[in-house]
Each structure stands twice: as structure tokens, then as C-alpha cells.
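Residue-level structure breakdown
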Amino acid sequence: MPKAIKGTVFYTLPEAAQELHITIGRLKGYLDQSRLISERIGRTEFIREQVLRTYMSKRGLTLE
């Protein structure tokens, strides 16, 4: 379940990978290639919902 922090929705890497229908390893590869951007809050790495929506819309996908 995505987390809302100060009005912004964040997905953990496993949640984002599930939404994109890819493995966590492939998602980390996308992050390394700067195809997606993540943020670390504490010890957890998150991806903003807006970043996921933008990435998916470029590929003709929708966020579930």
C-alpha cells in the first residue's frame, strides 16, 4: 500500500515493481540508468507516485 507523506504519495521499490509488472532487480536497473528517480526517506527508498504515472503514461500504461 503506497504511503502518503505530507500530501505526496510514495511507493516502496517492491510496490513500484509490482505496479510496473517487473522485478525489483529490473526496477533497480532503471534507477541506475536514471529512467526513474527514487528518494531515500530514512532507510527506505521510495518512488513518488507522480514519477511512476509519468513513466507509465510514456509507455501507454496506467497506474492501477
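Look up: the structure comes first, before these words.
So, here's what we can say about the structure. (Residues numbered from 1 in each chain as written. Predicted model: local features only at pLDDT ≥ 70, side-chain atom pairs only at ≥ 80, totals over all residues. Heavy atoms only, no water.)

**A word on the packing of aromatic side chains**
- Enumeration according to the criterion identifies two aromatic pairs in this entry.
- An angle of 65° between the planes, with centres 5.8 Å apart, marks the rings of F10 and F46 as edge-to-face. Here the residue F10 occupies a position in strand β2 (residues 8-12), and F46 occupies one in strand β4 (residues 44-48), the gap between them amounting to 36 residues. Exposure class is identical for F10 and F46. Each is buried.
- Aromatic side chains Y30 and Y55 sit 5.9 Å apart centroid to centroid with 45° between the ring planes, which places their arrangement in the tilted category. Linking Y30 in helix α2 (residues 24-32) with Y55 in helix α3 (residues 49-58), this pair joins segments that are 25 residues apart in sequence.
- In this structure Y30 comes out as buried when scored by relative accessible area, which is 12%.
- Positioned above the aromatic ring of Y55, the side-chain terminus of R59 is 3.9 Å from the ring centre. (Phe/Tyr/Trp six-rings, centres within 6.5 Å; stacked < 30°, edge-to-face > 60°. Helix = DSSP H or I, 4+ residues; strand = E, 2+ residues; numbered from the N terminus. Buried < 20%, exposed > 50% of the residue type's maximum accessible area, 1.4 Å probe, protein only. Lys NZ or Arg CZ within 6 Å of the ring centre and 35° of its normal.)

**Thoughts on the pairing of β2**
- Relative to β2, strand β1 (residues 3-5) runs antiparallel, the two being bridged by three bridges. Paired with A4 across the bridge in β2 is V9.
- Between the end of β1 and the start of β2, which pair antiparallel, lie two residues, with K6 showing a positive phi angle near 50°.
- Note: β2 against β4, three bridges, orientation antiparallel. Its bridge partner being in β4, Y11 is matched across the sheet by I47. (Pairing = 2+ DSSP bridges.)

**Here's the deal with α3**
- Buried residues of α3: E49, L52, Y55 and M56, and no others. An end-on view of α3 places all buried positions within 130° of arc, on one side of the element. Of the exposed residues in α3, the ones pointing more than 90 degrees away from its buried face are Q50, S57 and K58.
- If you follow the buried residues of α3, they end up packed against β2, α1 (13-20), α2 and β4.
- Following α3 by one or two positions, G60 adopts a phi angle in the positive range, close to 75°. (Arc of directions from axis to C-beta. Contact = heavy atoms within 4.5 Å.)

**Thoughts on α1**
- Across the eight residues of α1, six count as buried, placing the element largely inside the fold.
- Turning to α1, its buried residues number three or more, namely L13, E15, A16, A17, E19 and L20.
- Its buried side turned inward, α1 meets β1, β2, α2, β4 and α3.

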